[in-house]
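# Commentary on secondary and tertiary structure
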Amino acid sequence: ARRLFDQLVTYLGESQPLHLLPEPEVLPFERLAVDSHTSNQRLTALAALSSYSARAGAGPPMVVTSIAAVLRKTLPPVVVAPLADPVDGLNSRTLRSGQRIPRLDDLLVRWVELGYRHEPVVETPGVFSLRGGILDVYPTQADLPYRIELWDDEIDTIRRFDPFTQRSVGSADVVTMIPASEQLPDLVDRARVEQLIAAMDFANCHQDFKDRMEEELGALFSGPDMETLHFYNGVLNQHSLLDHIPASTIMVMDRMEQVDQEAQDQEEKFYRMRYSREQRGELPRNFPAPYHPWHEISPRLQSHPGGQVLVQSWLTDDVDPIFRSATPYYGRLEQFTADVRRDLKDGKSIVVVSQHNRRLAEVLEESEVGVSAAESLEEPPEPGRVYLIHGALSEGWVIDSQNGQSQLTLLTDAELFGTV
């Protein structure tokens with residue numbers, strides 16, 4: 001999923017609404033903190049899906065994820081991106097210049113419930129600070145933190161600032177907040193959580209482990225340890241990625257048979273982890289799993305109302321009905337120019353992404369082949385033309401039509417010179 005995401009960023013550009021929903025690197029039932037960058041990526045992707053509305057006019061987001069990330073339990077959509085989250089009539093998730101904040105303390109309490117931490121200086125996502133009439137906050141999904149200057153109870157100005165120098169870098173009209181943590185004890189169904197806790201059987205646990213868990217569970221709603229809160233993901237969360245996906249979403253399933261096999265393999269690994277920890281007395285029986293079983297997720301994937309597109313990946317050696325590997329030349333530029341002349345004569349399109357555009361333009365012009373040099377390709381390439389794009393890709397490919405004839409060839413420095 002990460003490799004495919006990186007490829008898409010290269011093709012589409014970083015300005016597009018493209019998101020990666022990664023699975024945490026921490027295994028289920030481990031008492032380790034999830035990397036903050038991974039957590040922020042997950043929350044940003046979920047918020048992009050939950051907040052999307054075709055009526056808003058913005059383009060839909062594209063989210064790339066793995067089956068392990070799909071299985072993981074997560075927050076409900078209404079918590080990730082609610083339509084309204086009022087605090088005395090003010091939406092605590094969206095602040096604008098000129099708005100009034102009648103009770104600032106209530107707003108900050110709401111941010112704490114969303115997982116934000118109150119610290120003296122704002123330097124990392126998920127943190128806010130208050131100094132007099134200046135409120136700094138670093139939203140989870142933002143590239144830079146925001147400085148909100150208050151005049152009495154009214155927002156006077158909003159500026160973005162550099163977290164290292166603390167200097168303003170530009171003004172803004174609005175600040176949008178999403179949760180800063182995927183485990184939010186203050187916003188769950190407390191009665192449901194208490195039922196799950198009551199059902200846990202500690203008979204097989206070591207006394208020190210039992211004491212530790214009972215202490216952590218007792219502090220779950222008062223002062224939880226944020227570093228180990230990931231351990232209780234199954235206790236606190238019950239929703240999945242599929243709950244965040246709009247009904248009109250098109251699902252592109254890459255190698256569905258392998259997805260199915262991987263999901264079953266994941267479940268087998270999770271079962272062995274649970275069994276091993278129960279045998280060692282390090283996990284109570286009936287402890288809620290942090291993931292959904294595949295037999296619940298699979299039917300929802302297959303019956304998704306937006307439809308599915310089943311594809312094979314260009315990242316493997318699997319036979320693909322659309323893409324095939326480009327011809328490698330490895331410095332044989334005479335053969336390259338000969339093939340270009342032949343393909344142009346047949347009305348095909350050729351795109352070359354290279355760090356050596358000037359040299360390639362000279363080689364092609366010496367062979368009486370005209371080229372079009374550009375920084376990007378905004379429109380579909382026209383038949384019978386060669387496009388030189390400055391950049392770098394790991395590999396090229398050829399698109400074939402249904403009759404087996406190539407329609408578009410993309411070459412990179414990997415094929416031309418043997419290097420990237």
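Residues numbered from 1 in each chain as written. Predicted model: local features only at pLDDT ≥ 70, side-chain atom pairs only at ≥ 80, totals over all residues. Heavy atoms only, no water.

## As for the nonpolar core
- With 47 residues, the main nonpolar core has M213, L220, F287 and W294 as its most contacted residues.
- Those elements that provide at least two residues to this core are α2 (36-50), α3 (67-71), α4 (77-80), α7 (207-218), α8 (233-236), β13 (251-254), α9 (256-279) and α10 (294-302).
- Of the residues forming this core, the biggest block, five residues, is contributed by α2.
- Beyond its immediate stretch of four places on either side in the chain, M213 contacts R31, M200, F202, F231, Y232, P284 and F287.
- Counting 21 residues, the second largest nonpolar core, distinct from the first, contains L95, Y116, F128 and I158. (Core = buried A, V, L, I, M, F, W, Y, C linked by side-chain atoms within 4.5 Å. Buried < 20%, exposed > 50% of the residue type's maximum accessible area, 1.4 Å probe, protein only. Helix = DSSP H or I, 4+ residues; strand = E, 2+ residues; numbered from the N terminus. Contact = heavy atoms within 4.5 Å.)

## Looking at a negative patch on the surface
- Taken together, the side chains of E149, D152, E154 and D156 present a region of like negative charge at the surface.
- With respect to the element layout, E154 can be found in strand β10 (residues 154-161). (Patch = residues over 30% accessible without salt bridge, like charges linked within 9 Å, V, L, I, M, F, W, Y side chains within 5 Å. Areas by Shrake-Rupley, 256 points an atom, 1.4 Å probe, with all protein chains shown as cover. Salt bridge = Lys/Arg side-chain N within 4 Å of Asp/Glu carboxyl O. Lys, Arg positive; Asp, Glu negative; His and termini not counted. Charge placed at Lys NZ, Arg CZ, Asp CG, Glu CD.)

## Here's the deal with the sheet that holds strand β11 (residues 168-171)
- Taking strand neighbours across the sheet as the criterion, the six strands line up as β6-β7-β8-β9-β10-β11 in an open arrangement whose pairing is mixed. Because the sheet does not close on itself, it has two edges, and the strands there are β6 (117-118) and β11.
- Here β10 pairs with β11 via three bridges, running antiparallel. Within β11, the position partnered with R159 by the bridge is S171. (Pairing = 2+ DSSP bridges.)

## Some details on α2
- Taking 1.5 Å per residue as the helical rise, α2 with its 15 residues ought to reach 21 Å, and the 21 Å between its terminal C-alpha atoms agrees with that figure.
- Across the 15 residues of α2, 13 count as buried, placing the element largely inside the fold.
- The N-capping residue of α2, defined by a side-chain oxygen 3.1 Å from the backbone nitrogen of H37, is D35. (Expected span 1.5 Å × (residues − 1). Polar contact = N/O pair within 3.5 Å; in protein donor to acceptor, adjacent residues only side chain to side chain.)

## A few points about the packing of aromatic side chains
- Applying the stated criterion across every chain, the model contains nine aromatic pairs.
- Note on Y271 and Y275: the rings are 6.3 Å apart at their centroids and 20° apart in plane angle, and the pair reads as stacked. With Y271 and Y275 both in helix α9 and four residues apart, this pair spans about one turn of that helix.
- When its relative accessible area of 44% is taken as the criterion, Y275 is described as partly exposed. (Phe/Tyr/Trp six-rings, centres within 6.5 Å; stacked < 30°, edge-to-face > 60°.)

## Digging into the pattern of salt bridges
- Applying the stated criterion to the full structure yields 20 salt bridges.
- Residues E278 and R274 are paired through a salt bridge, measuring 3.8 Å at the closest nitrogen-oxygen approach. Within this pair, E278 and its partner R274 are both found in helix α9, separated by four residues, close to a single helical turn.
- Among the residues examined, E278 registers a relative accessible area of 14% and is labelled buried.
- E282 is the partner of R280 in a salt bridge, and the nearest nitrogen-oxygen pair spans 3.0 Å.
- You can call R280 partly exposed: its relative accessible area is 38%.
- Here E282 falls in the partly exposed class, since its relative accessible area comes to 32%.
- Each member of the salt-bridge network shares a partner with another, and the members are D339, R342, D343 and K348.

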